Structure formats: structure tokens, C-alpha cells
Amino acid sequence: MDIFDKCFSFKQQVETVKREGKYFYFRKISSAQGPEVILNGHRMIMLGSNNYLGLTEDARVKEAAIAAIKKYGTGCAGSRLLNGTVDIHEALEAQIASFFGKEAAVVFSTGMQANLGCIQALVTQDSIAILDKFDHASIIDGCRLAYGDFKRYPHNDMKSLERILKCHPERGKLILVDGIFSMEGDLANLPEIVSLARKYGARVMVDDAHGIGVMGENGKGTAEHFHLEKEVDIIMGTFSKSLATIGGFIAARKDVVEYVKHVGRALLFSASLAPPLVAAASTAFKIIEAEPERREQLWRNAHFWLNGLKSLGFDTGYSTTPIVPVIIGEADKTFEMCYYLEEYGVFVSPVVPPAVPPGRALLRTSVMATHTQEQLERALDAFAQAGRKAGIIS
Ligand SMILES: Cc1ncc(COP(=O)(O)O)c(C=O)c1O
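Residues numbered from 1 in each chain as written. Predicted model: local features only at pLDDT ≥ 70, side-chain atom pairs only at ≥ 80, totals over all residues. Heavy atoms only, no water.

**A look at the pairing of strand 4 (residues 127–132)**
Summarising burial for strand 4: 6 of the 6 residues are buried, a large majority. Along strand 4, one buried face is formed by Ser-127, Ala-129 and Leu-131 and the opposite face, lined by Ile-128, Ile-130 and Asp-132, is buried too. Two elements, strand 4 and strand 6 (residues 172–178), share 5 bridges in a ladder whose sense is parallel. Looking at strand 6, one finds that Ile-128 is bridged to Lys-173. Sheet topology places strand 4 next to strand 5 (residues 149–153); 5 bridges connect them, and they run parallel. Each bridged residue has a counterpart across the sheet, and for Ala-129 the counterpart in strand 5 is Phe-150. Note that the unit made of strand 4, helix 5 (residues 137–145) and strand 5 has a crossover that is right-handed. (Buried < 20%, exposed > 50% of the residue type's maximum accessible area, 1.4 Å probe, protein only. Helix = DSSP H or I, 4+ residues; strand = E, 2+ residues; numbered from the N terminus. Pairing = 2+ DSSP bridges. Right-handed = clockwise from strand over helix to strand, strands pointing away.)

This is the structure:
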């Protein structure tokens, strides 16, 4: 057997799907990631981006990145541990720690690496990680890298979480949960999770990739939304959504951060975050603090969008956030919807099994603060037409 055999058969499968017009991945955008983008020469309304606050196009964020390139160059050519730490890494870490009210923070090169490094470092042989079934893939991969065990409970099922916690009185336990679940836009039941963690001596880590800049009175995320910033032991985040660039971090107690910095392989054995990205993230944090009106506009757009889809008759699940799933059910119908929406000038992403459970294929939509009412109305018209054509709404 040739190890490449699977690649050939996979290629054939992809080609069949492409011929049937059901392939909506790796689409080539030739513009910035704004409320509208250019796809194959056509202007489309972008409803599939995580640029919640619209900061990827902000002049101050771009200027900060350019200034950092001028001073530090385009990269650090090494790991944080050795030659790759520059002064702005540490300044950003202090800024993040203070933003979240934690003792310390450490910055990784992506959010995925933050999860891999932190989980692998903490979940040692004598420990167990406990996950929601809808947690992000990077959490699962972190658990696979770790020497400790991991157990998953059905989505937001607190009884099952308690059953698992009860079974492991002697082990160190880390409950890992998304603040906002990335596909369906619903929230973790943090109050209950924190209370169970207290009862059974577990620690709580919240992956707030989608919550930062979005949730809470000051945009500090899902923990702030529930007034549980102190009770959540580790806040993990990424710069690839509201923070307008790439990169990731954890914020926690100082000894925990120091330990992860010295044991997390995704930090130790990978080059540090490039200076322009450090500067972009730092500026985006400052804007989040200084301009709450962006978040307020995001929420006005989110409510308008969610209510609009509901009143057309679409199933939007349990979303209460700027991520709104349009649950279609069957994968083929989901691709059909995507096809019509592209024709009508709307970019959305199809999410089909195994990324979601069988029978729960969906279109993942998400709004930005920078969408105008007119753009959202036009997108609703497109959804109405596409939904009727595909026989999903009447
Ligand atoms: C919930 C969640 N965690 C982690 C990540 C990984 O972040 P990054 O894109 O910075 O690697 C993502 C992004 O896809 C995410 O949605």
C-alpha cells in the first residue's frame, strides 16, 4: 500500500463534490475582510467572518502594525524561550492581564497554540480534562497531546458534567469550555460550571475566542457577562476574531502562567508572534476599551439579524449572540442554500458533519459592528429568496 493512496481517492471525492456545485471551501477573496468582500470579481455581503468589531480595517490598527514592522522587522526568528521575546510581547501580556483582572498572561502565536500549549502543560498523567461535546477542535487536540485523560459531556448538560466530576475525587480536574460556542452561538452555562467546579475541587478554563470584545459590559468576555471573572481560573483567547489579527493567549494566576510558559510545547517549540501582530492586537485591545459604541452597534446588528431570520421562519437554534446558525438539517440542502446565497451576493459558511452532529447541518452566519442596516436588509432578502427556492421556508 502506498501512503499516498488516500490522497488520490480523496481528490476524486472532492472533484465529484465540486462538479455537483457543493464545494464552498477555500473560496478566494480578493479584498479586505470587511462587511462586503470581493469574491470572483463580485461584491458580496460577508456574513461568515469573525471580524466582529470590524477592526481589521481600522486605520489605527494598521498604522500600529506598520510602525512595529519599521522598528522590529517582520518577525523574531525564534521561540519566546530563546531569542524571540521582544519588549512589546511583555507589554502586551501586562496589558492583557490587566484587561482581564488576572495576575499574568502569556501570548502564543495562534489561539490554537494557546489551547495546545496550556492543556498539554496542565493535564498531566494524574489529571483529567473535562470537555463540552461542542468545544472547539483545538481544545480536543490539546487533550490528545496531553498525558492525562479527557472525558466529554453532552453539550451544556450539567448533570453529566457533575457525574464525571464525582467519579474522579482524587485527580486534578480542569473543566474546559467555550464561552460562546463557535458554530451555534449559544453560551456556556458558566454559573453552573463554576459552582460545580467549586463543589468538586476542579479548575475552570474558558476559551473565549468569540466572547472577547463582544460579551460583558466592557467587552471582557463571557466571564464578565456572568460576573465571574474571578471565579474563572484561566481565560483563553485569540486575536483572530474581534482583535483583528492572529495570535492567542491565556490569562491566569502568575504561577500557572509561568509554568505554562516553561512547559507548554506549542510555545517553546514554535517561533514567537511577529511584532506587527503584537502591535495590532495591543491597539485593538485599547480600542475595545475606549469605544464601547462599537460593541453596542454589534449587538444592535446581532438582534436585527437574529430577529430577521426568525421572522422569515428559519431555525436559529439557541443563539443569543452575533453568531447565528441557520439550521438546515441535511448537508445537501445546506449546500443548495449556500449556492443560491452566493448567487444572490451573500457569503456564508456551510457547516456539515462531522463538524456538527448528523442531521444538524447549518449555515454559520455572523454579523459585524460595521454592517449597515441596508446590507443586513439586503442579506435578509437573499435569505428569503434562497430559503423559498430550496424549500426550507414557505
Ligand atoms: C472557540 C475557538 N477556540 C480557538 C480557536 C483557534 O484560534 P486561532 O484561529 O487563533 O488559532 C478558534 C478559532 O477558530 C475558536 O473558534
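**So, the sheet that holds strand 1 (residues 36–39)**
Strand order in the open sheet formed by 3 strands is 1-2-11, and the pairing between neighbours is mixed. A strand with exactly one partner marks an edge of an open sheet, and here the two such strands are strand 1 and strand 11 (346–347). Sheet analysis places strand 2 (residues 42–46) next to strand 11, joined by 2 bridges and oriented parallel. Residue Met-46 lies in a different strand from strand 11, and its bridge partner there is Phe-347.

**Focus: the domain arrangement of the protein**
Taken as a whole, the protein is organised into domain 1 (15–46 + 292–389) and domain 2 (58–290). The straight-line distance from the C-alpha centre of domain 1 to that of domain 2 is 27 Å. Contacts between the two partners involve 19 residues from domain 1 and, on the opposite side, 23 residues from domain 2. Each partner contributes to the roughly 1400 Å² buried at the junction of domain 1 and domain 2, and carbon and sulfur atoms together form 55% of this total. Our count for the contact surface shared by domain 1 and domain 2 stands at 2 salt bridges. Between Glu-184 and Arg-360 there is a salt bridge, with its nearest N and O atoms 2.7 Å apart. The interface formed by domain 1 and domain 2 contains 7 residue pairs in polar contact (both at pLDDT 80 or more). Listing elements by their share of the side of domain 1 that touches domain 2, those giving two or more residues are helix 12 (292–312), strand 10 (323–329) and strand 13 (361–366). The residue inventory of the side of domain 1 that touches domain 2, partitioned by class, reads 11 nonpolar, 3 polar and 5 charged. (Domains from an automatic or database assignment. Contact = heavy atoms within 4.5 Å. Buried area = accessible area lost by both parts, 1.4 Å probe. Salt bridge = Lys/Arg side-chain N within 4 Å of Asp/Glu carboxyl O. Polar contact = N/O pair within 3.5 Å; in protein donor to acceptor, adjacent residues only side chain to side chain. Nonpolar A, V, L, I, M, F, W, Y, C, P; charged D, E, K, R; others polar.)

**With respect to the site of the ligand**
Near the ligand you find 15 residues, and of these Gly-111, Asp-207, His-210, Thr-238 and Lys-241 are the closest. Within the side chain of Ser-240, one N or O atom sits 3.1 Å away from an oxygen atom of the ligand. In isolation the ligand has 390 Å² of accessible area, and contact with the protein removes 83% of it. Element by element, the count of residues in the shell around the ligand is highest for helix 4 (residues 111–122), at 3 residues. (Near = heavy atom within 4 Å. Areas by Shrake-Rupley, 256 points an atom, 1.4 Å probe, with all protein chains shown as cover.)

**Concerning empty space enclosed by the protein**
Here the structure, examined in full by the defined rule, presents 1 cavity of 30 Å³ or more. A volume near 50 Å³ is recorded for the largest cavity. What lines the largest cavity is Arg-80, Val-107, Phe-108, Ser-109, Gln-113, Ala-266, Leu-267, Ser-270, Ala-271, Ser-272 and Leu-273. Of all the secondary-structure elements, those providing two or more residues to the lining of the largest cavity are strand 3 (104–108) and helix 10 (265–268). Partitioned by chemical class, the residues of the lining of the largest cavity number 6 nonpolar, 4 polar and 1 charged. (1 Å grid on protein atoms, 1.4 Å probe; cavity = no way out; pocket = protein on both sides within 12 Å on 5 of 7 lines; lining within 4 Å. Points joined across faces, edges and corners; volume = space filled by probe spheres on them.)

**Comments concerning the nonpolar core**
By size, the foremost hydrophobic cluster in this structure holds 88 residues, and its most contacted members are Ile-96, Phe-239, Phe-249, Phe-285, Trp-305 and Phe-383. It is helix 11 (residues 275–290) that provides the largest number of residues to this core, a total of 7 residues. Here this core spans two domains, since at least three of its residues come from each of domain 1 (15–46 + 292–389) and domain 2 (58–290). Dropping the residues within four chain positions of it, Ile-96 is found in contact with Ala-105, Val-107, Phe-239, Phe-249, Ala-251 and Phe-285. Core analysis: the next-biggest nonpolar cluster, separate from the first, contains 25 residues, Cys-118, Ala-146, Met-236 and Val-260 among them. (Core = buried A, V, L, I, M, F, W, Y, C linked by side-chain atoms within 4.5 Å.)

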